[in-house]
Amino acid sequence: MKSFKIIPLVQFLFAIITVSAQPPHGIHWSADGNSYYESSAEGISQYLLPSFSPKIIATAQQLTPKDSTQPLKVRNFFFSNDGKKILIYTNSKRVWRYDTRGDYWILNTADNSLKQAGKDLPASSLMYAKLSPDASKVAYVSMHNLYLEDVNTNAIKQLTTDGTDRMINGTFDWVYEEEFDCRDGFRWSPEGTQIAYWKIDATKIRNFLMMDNTDSIYSFTKPVEYPKVGESPSPCYLYTVNINTGATTKMNVPGDPQQHYIPRMEWAANSTELVIQQLNRKQNESNIMYCNSVTGDVQSVYTESDKAWIDVRWNAHPFGWKWLKNGTAFIWMSEKDGWQHLYLVSRDGKKETLITKGNYDVITIDAIDDKTGYIYFMASPDNATQQYLYRIKMDGKSKMELLSPAAQKGTHGYDISPNGLYAEHDFSNANTPPITEWVSLTKQTVIKKEENNEQNLSSKKVEFFTITTEDNITMDGWMVKPDNFDSTKKYPVLFYVYTEPAGQTVTDEYGTGQNFLYTGDMQKDGYIYMSVEGRGAPAPKGAEWRKVIYRQIGRINIRDQAMAAKKITQWPFVDTSRIAVWGWSGGAGATLNLLCQYPDIYKTGIAVSAITNQLTYDNIYQERYMGLPQENKEDFLAGSPITYVKNLRGHLLYIHGTGDDNVHYQNAELLLNELIKYNKQFQFMPYPNRSHGIYEGEGTRVHLATLYTNFLREYCPPGGK
């Protein structure tokens, strides 16, 4: 129900989450943090800070294979620990959401040799290649097996042999990727003598069959391993393998593997132990354990539970497991005091120090500097629509220090150097196009401004507001009024909704207030465009705000939207006969629920790729927020749009791609059956073989936007009256 995390901004883009070697994200910092690297047509260059003086590390000629006249097209690159070898990722191909398989080459800058890794394996089949700590070996996954290759001799050792499309070594199945953002599934030990890896047994997961009617005269099915809500998870196992002997050891993780998940695993600051996080199936109990890499013995050290769910957000922990104080402590993020705060936890789990204190949420961790004792994080204590960079000492006694310029009100982003001295800083707000600059964090000065090519999408002013409903819920919102707005006239309102835990709609950043599906100028045409953020959305407003919708998706979040709209329709310039709503994925489900649960308010709706029956979605997402249907099936049905179709009175346009592997096309047909049953007239557009994003195929996006715009104009006519 969260799509590809359609975190709702103007641009229709995939969110990039820093969890794996690919795709590339952020800056390639040097280990000491005093320089960074970039690739270009000329090769790979190093830029020293703060002068930004360039130095070519690898020329285009060095990156040109012997049998080619063209250099490799660098998709990403990684340095060995000694900096003498560069692992080049190229010829990338998409796996579900991201380009995570391709070819790898190793450039030895000492002798200028350029060799392809796994050259006898199928083209573009290698995943997550990583050099060993001493750079003598490279490990990678191909066709769900783990391989080891000698960098000098190119001798290859296959470390696992049971890999199939359902027995998965060193990477993950569909649902682990989609819901835990787990992709890179193996880790070198610090000494380079062992590799730890995940094994996912998806052999018992049923296929969901998608029908392809257009790619051949005879139709055929496309099977996708997809565990629906209520289905047991794929068993997950952890192993270590000795790279010299090939001997493997299974970690004796307790509990039924079909009733637990292991979303996190790293080496525990040594080469003898792994540290893992295990979640129960309901994802409301977390257990941190150490695993002996040789014996497989497991010891539990730190547990946590929640009345709703425990978030496992890798983007909030971009460093894996950050070990501090010579491996004797680590940073942990928890909502157990009602706010998302940072804790310093001793290695044995017996002592924890609350670092951040107060009624505010830590949004993400941006850097941890063990040397200075500072942790850098994003937060916004006073305005949940914005984000700012703070730092705080990890002693539990200090106060946080604002590092973002106080005068720049809006949303900030930082890519911080490992030594905490420098950062690339991005800033925008809803009415200010992005600026990018390089800053000295310690001096809080700008050392270089970048040229931004962002075009001003609109000169329209986005207005932020708060509204308090009859349930005494105060919500943030934004709106963009028509050009030449006349307060004595009444205008149509189009609400943009999402309402689920995967993303916010009300954020003070550039792109907010823009409708990427509308062909033309909404404000010139005379629409008020608007969004309000109710409970359940991941706004930094405390755990209670986010988690009150546990087992209530489709009810509490929908009522919040409707009650806000009810207040808004009392504004003198709002035309109550022209109230429209639209959304995609989770927002499409919300659109349908609003149309059908509150038909007195909403007169027109456009829903794209909705979950119409919550029992059709995957187990990790839906069970996290709704529980198990074996125990509370009534909650799933009470939050599903098909339950309320009989109440529909307004105009509905429903859109879905028949090749959607995320929110299956069956949701469209289930909805259609109910609409037909109750003789509800509507418009429907299936897009053949299009995925959840509905972008594949010539002319698709133009057609979609035209369809959307024409329907809105016809059934919710623009202009003041």
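Residue positions are counted from 1 within each chain, in the order its sequence is given. Under the rules for a predicted model, residues below a pLDDT of 70 receive no local features and side-chain atom pairs below 80 are neither given nor counted, while totals for whole chains, interfaces and linings still include all residues. Only heavy atoms go into the side-chain values, all of them from the structure, while hydrogens and water stay out.

Caption draft 1: Molecular detail of the overall build of the chain. Secondary structure summary: the chain contains nine helices and 43 strands in total. When we talk radius of gyration, it's over C-alpha atoms, and the globule rule is simply 2.2 Å times the number of residues to the 0.38. Computed over C-alpha atoms, the radius of gyration of the chain comes to 26 Å, within 12% of the 27 Å expected from 2.2 N^0.38 for 721 residues, which places it in the range of a compact globule. For the chain, the C-alpha atoms occupy an extent of roughly 75 × 60 × 60 Å along the three principal directions. Burial status across the chain gives 60% buried among its 721 residues. Any two residues whose heavy atoms approach within 4.5 Å are treated as being in contact. Taking the contacts inside the chain whose residues are at least 6 apart along the sequence as the reference set, 59% of them involve residues at least 24 apart. Accessible areas in this description were obtained via Shrake-Rupley with a 1.4 Å probe; residue shielding takes into account the shown protein chains only. Accessible surface, the chain: about 28,600 Å² in total, of which carbon and sulfur atoms supply 48%. Only four residue types enter the charge count, namely Lys and Arg as positive and Asp and Glu as negative; His and the chain termini do not. The atom standing in for a charge is NZ when the residue is Lys, CZ when it is Arg, CG when it is Asp and CD when it is Glu. Here the chain carries 74 positive and 80 negative side-chain charges, and the mean point of each set is 2 Å from the other. Numbering goes from the N terminus for both helices and strands, where a helix is a DSSP run of H or I of at least four residues and a strand is a run of E of at least two. Burial classification: accessible surface area is computed with a 1.4 Å probe over protein chains only, and a residue below 20% of its type maximum counts as buried, one above 50% as exposed, and the rest as partly exposed.

Caption draft 2: Up close: the pairing of strand β9 (residues 126-131). With respect to burial, β9 is a largely interior element, six of its six residues being buried. Where β9 and strand β10 (residues 137-142) come together, four bridges link them in antiparallel fashion. Its bridge partner lying in β10, Met-127 is registered against Val-141. What makes two strands pair is DSSP finding at least two bridges between them. Joining the antiparallel neighbours β9 and β10 is a turn of five residues, in which Ala-135 adopts a positive phi near 65 degrees.

Caption draft 3: Examining the sheet that holds strand β4 (residues 53-59) more closely. With antiparallel pairing, four strands are arranged side by side in an open sheet as β1-β2-β3-β4. In this open sheet, the two strands that pair with only one neighbour each are β1 (28-29) and β4. Where strand β2 (residues 35-40) meets strand β3 (residues 43-48), six bridges bridge the pair, whose relative direction is antiparallel. Each bridged residue has a counterpart across the sheet, and for Tyr-36 the counterpart in β3 is Tyr-47.

Caption draft 4: Examining the packing of aromatic side chains more closely. Centres within 6.5 Å make a pair out of two Phe, Tyr or Trp rings, where for Trp the six-membered ring is used; the pair is then stacked when the planes are under 30 degrees apart, edge-to-face when over 60, and tilted otherwise. Applying the stated criterion to the full structure yields 42 aromatic pairs. Aromatic pair Trp-309 and Tyr-625: ring centres 4.6 Å apart, planes at 85 degrees, arrangement edge-to-face. With Trp-309 in the loop between β23 (298-305) and β24 (323-324) and Tyr-625 in helix α6 (residues 619-626), the pair connects residues that are 316 residues apart, well separated along the chain. Each of the two residues, Trp-309 as well as Tyr-625, counts as buried. Look at Phe-495 and Tyr-602: their rings are 6.2 Å apart centre to centre, the planes differ by 70 degrees, and that puts the pair in the edge-to-face class.

Caption draft 5: The arrangement of unusual backbone geometry in detail. Going from Leu-49 to Pro-50, the amide bond is cis rather than trans, its omega being 10 degrees. With respect to the element layout, Pro-50 can be found in the loop between β3 and β4. Unusually for a residue other than glycine, Thr-499 sits at a positive phi of about 80 degrees. Position of Thr-499 relative to the elements: it lies in the loop between β38 (491-496) and α2 (522-525).

Caption draft 6: Here's a closer look at the nonpolar core. Among buried residues, the Ala, Val, Leu, Ile, Met, Phe, Trp, Tyr and Cys ones that are joined through side-chain atoms within 4.5 Å form a nonpolar core. Counting 47 residues, the largest nonpolar core has Phe-495, Met-530, Ile-568 and Tyr-602 as its most contacted members. By size, the runner-up hydrophobic cluster in this structure holds 45 residues, among which are Trp-198, Ile-262, Met-265 and Cys-291.

Caption draft 7: Main features of helix α5 (residues 586-597). Here α5 contains 12 residues, and its C-alpha end-to-end distance of 16 Å stays within 8% of the 16 Å for a straight helix at 1.5 Å per residue. Within α5, 11 of the 12 residues are buried, which leaves the element mostly enclosed by the surrounding structure. Those residues of α5 that fall on the buried side of the exposure criterion are Gly-586, Gly-587, Ala-588, Gly-589, Ala-590, Thr-591, Leu-592, Asn-593, Leu-594, Leu-595 and Cys-596. At its buried positions, α5 is contacted by α4 (556-568), β40 (574-584), β41 (604-608), β42 (651-657) and α8 (666-677). To estimate the expected span of a helix, subtract one from its residue number and multiply by 1.5 Å.

Caption draft 8: Layout of the side chain of His-260. Along the polypeptide, His-260 turns up in strand β20 (residues 260-267). Distance and chemistry together define a polar contact, namely a pair of N or O atoms within 3.5 Å, with one atom able to donate a hydrogen and the other to accept it when in protein, and with adjacent residues in sequence counting only for side-chain atoms on both sides. Within the structure, His-260 has its side chain in polar contact with the backbone oxygen of Asp-256 (distance 2.9 Å). Contacts of His-260, omitting those with residues within four sequence positions, involve Gly-255, Gln-278, Leu-279, Asn-280 and Arg-281.

Caption draft 9: Main features of the environment of Val-702. Here Val-702 shows up in helix α9 (residues 700-715). Under the relative-accessibility criterion, Val-702 is labelled exposed at 61%. As a C-alpha pair, Val-702 and Leu-517 span 185 residues in sequence and 8.8 Å in three-dimensional space.

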